[in-house]
Amino acid sequence: QLAHKVANSDTTILILGESGVGKEVLSKAIHSASNRASKPFISINCGAVPEALLESELFGHIKGSFTGAVKDKEGLFAAADGGTLFLDEIGETPQAIQVKLLRALEDKMITPVGDTKSRPADARIIAATNADLESQVKKGRFRPDLYYRLNVFPIMIPPLRERPQDVALLANYFIKRHCLKLEISEKEIGADTLELLQNYAWPGNIRQLENVLERAALLAKNSVILPKDLPELTES
């Protein structure tokens with residue numbers, strides 16, 4: 001409901017939650033429900049890109065700006081022009097990059113690496129993290145001005161263990177999805193199996209649930225998935 005309310009605005013959104021709860025899925029849903037839906041949705045995991053490359057990935061660079069820059073390169077802010085840029089694991093962003101992110105958010109302007117001219121950047125920003133950014137700010141690891149600029153409209157996704165009522169809906173969806181993808185006959189989840197799924201703590205959240213059910217779809221010899229088809233849960 002919160003996502004639906006904010007979708008059609010250009011307000012910056014900060015999605016919070018543990019790893020695997022579906023932060024990128026929610027960000028794509030927000031984009032699809034927005035007036036930017038016909039434009040690109042671009043995502044980047046800020047913690048997965050080396051610091052030396054992250055600035056170029058986000059803002060682009062011009063030819064000759066560093067060793068190996070043999071031609072101009074468009075950054076993700078430019079690629080997402082008119083659309084949405086999803087910054088996953090924003091808490092992993094180095095402080096040197098945080099300064100440029102702040103300017104891009106406040107002024108809607110970016111400067112490619114090696115360039116002296118700024119360019120407009122009309123990308124709606126959705127950021128996500130599983131880290132405690134307030135704690136990062138207090139420890140001096142994350143700029144407070146960037147945190148406040150990102151935290152305009154926070155949305156917290158609870159872990160799956162706190163919403164067991166969602167497990168049945170998700171489980172049935174994943175089983176149908178993977179049976180179709182694996183080109184095997186459709187299977188259903190037995191009552192005992194569903195109870196097992198709902199009582200499990202799911203430390204890996206929805207991502208773990210999907211992986212478990214994909215394997216179960218392959219292991220199950222019958223049309224009904226039984227507890228024995230979930231060795232990850234029954235043997236722990």
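Located above this text is the structure these notes cover.
Just so you know, these numbers come straight off a predicted model, no measurement behind them. (Residues numbered from 1 in each chain as written. Predicted model: local features only at pLDDT ≥ 70, side-chain atom pairs only at ≥ 80, totals over all residues. Heavy atoms only, no water.)

J.: How do you make sense of the overall build of the chain when you look at a structure like this?
T.: When you go through the chain residue by residue, the secondary structure sums to 11 helices and nine strands. A principal-axis box enclosing the C-alpha atoms of the chain has dimensions of 65 × 40 × 35 Å. A total of 236 residues make up the chain; the buried ones form 44% of that total. Here the chain has roughly 12500 Å² of accessible surface; of this, 51% comes from carbon and sulfur atoms. Here the chain contributes 29 positive and 31 negative side-chain charges, whose respective centroids are spaced 4 Å apart. (Helix = DSSP H or I, 4+ residues; strand = E, 2+ residues; numbered from the N terminus. Buried < 20%, exposed > 50% of the residue type's maximum accessible area, 1.4 Å probe, protein only. Areas by Shrake-Rupley, 256 points an atom, 1.4 Å probe, with all protein chains shown as cover. Lys, Arg positive; Asp, Glu negative; His and termini not counted. Charge placed at Lys NZ, Arg CZ, Asp CG, Glu CD.)

J.: What is the right way to read the pattern of salt bridges from this model?
T.: For side chains of opposite charge, pairing can occur when their charged atoms come near one another. Enumeration according to the criterion identifies 13 salt bridges in this entry. Linking Arg143 and Asp145 is a salt bridge whose minimum nitrogen-to-oxygen distance equals 2.7 Å. A relative accessible area of 27% places Arg143 in the partly exposed class. With its nearest N and O atoms 3.2 Å apart, the salt bridge here joins Lys181 to Glu214. (Salt bridge = Lys/Arg side-chain N within 4 Å of Asp/Glu carboxyl O.)

J.: Teacher, can you tell me more about the nonpolar core here?
T.: Side chains of a nonpolar character, in soluble globular proteins, are inclined to be buried together. The biggest cluster of nonpolar side chains holds 30 residues, and the ones touching the most others in it are Leu58, Phe77, Leu85, Leu87, Ile90 and Leu101. Here the element with the most residues in this core is helix H5 (residues 95-107); it accounts for five residues. With residues near it in sequence (within four places) discarded, Ile90 still touches Leu14, Cys46, Leu101, Ala127, Ala128, Thr129, Leu133, Phe142 and Leu150. (Core = buried A, V, L, I, M, F, W, Y, C linked by side-chain atoms within 4.5 Å. Contact = heavy atoms within 4.5 Å.)

J.: Please explain the packing of aromatic side chains as it appears in this structure.
T.: Both the distance between ring centres and the angle between the ring planes are used here to describe each pair of aromatic rings. Here the structure, examined in full by the defined rule, presents five aromatic pairs. Ring geometry for Phe59 versus Phe77: centroids 5.3 Å apart, planes at 10°, classification stacked. Residue Phe59 is located in helix H3 (residues 51-59), and its partner Phe77 is located in helix H4 (residues 76-79); the two are separated by 18 residues in the primary sequence. Side by side, Phe59 and Phe77 carry an identical accessibility label, which is buried. Ring geometry for Tyr200 and Trp202: centres 4.7 Å apart, planes at 80°, overall edge-to-face. Given a relative accessible area of 1%, Trp202 falls into the buried group. (Phe/Tyr/Trp six-rings, centres within 6.5 Å; stacked < 30°, edge-to-face > 60°.)

J.: What's the story with the environment of Pro120 in this structure? I'm lost.
T.: Topologically, Pro120 is positioned in strand S5 (residues 119-120). A C-alpha to C-alpha distance of 26 Å links Pro120 and Thr67, two positions 53 residues apart in sequence. With near-sequence residues (within four places) excluded, Pro120 lies in contact with Lys108 and Met109.

J.: Please explain the environment of Gly82 as it appears in this structure.
T.: Its place among the elements puts Gly82 in the loop between H4 and strand S3 (84-88). Here Gly82 falls in the buried class, since its relative accessible area comes to 16%. Contact partners of Gly82, with chain neighbours within four places excluded, come to Arg36, Lys39 and Asp122.

J.: Is there a simple way to think about the sheet that holds strand S7 (residues 153-156) in this case?
T.: What links the strands of a sheet is backbone hydrogen bonding, and the strands pair in either a parallel or an antiparallel sense. Taken together, the five strands give an open sheet; going across it, the order is S2-S3-S6-S1-S7, and neighbouring strands pair in parallel fashion. Of all the strands in the sheet, just strand S2 (41-45) and S7 have a single pairing partner and so form its edges. Taking each pair of neighbouring strands and ignoring which way they run, the sheet shows an average axis angle of 20°. When S2 meets S3, the two strands line up parallel, connected through five bridges. Looking at the pairing, Phe41 lines up with Thr84 of S3. Those strands touched by helix H2 (residues 23-32) are strand S1 (13-16), S2, S3, strand S6 (124-129) and S7, and its axis lies near 150° from that of S1. (Pairing = 2+ DSSP bridges. Axes fitted to C-alpha atoms, helices over the stretch in contact; angles between N-to-C directions.)

J.: What's the story with unusual backbone geometry in this structure? I'm lost.
T.: Residues other than glycine predominantly adopt negative phi, and peptide bonds predominantly adopt the trans conformation. The backbone of Glu183 shows a phi angle near 60°, a positive value even though the residue is not glycine. Along the chain, Glu183 turns up in the loop between helix H8 (167-182) and strand S8 (188-189). In this model, Asn205 sits at a positive phi of 60°, which is unusual for a non-glycine residue. Along the chain, the position of Asn205 falls in helix H10 (residues 205-219).

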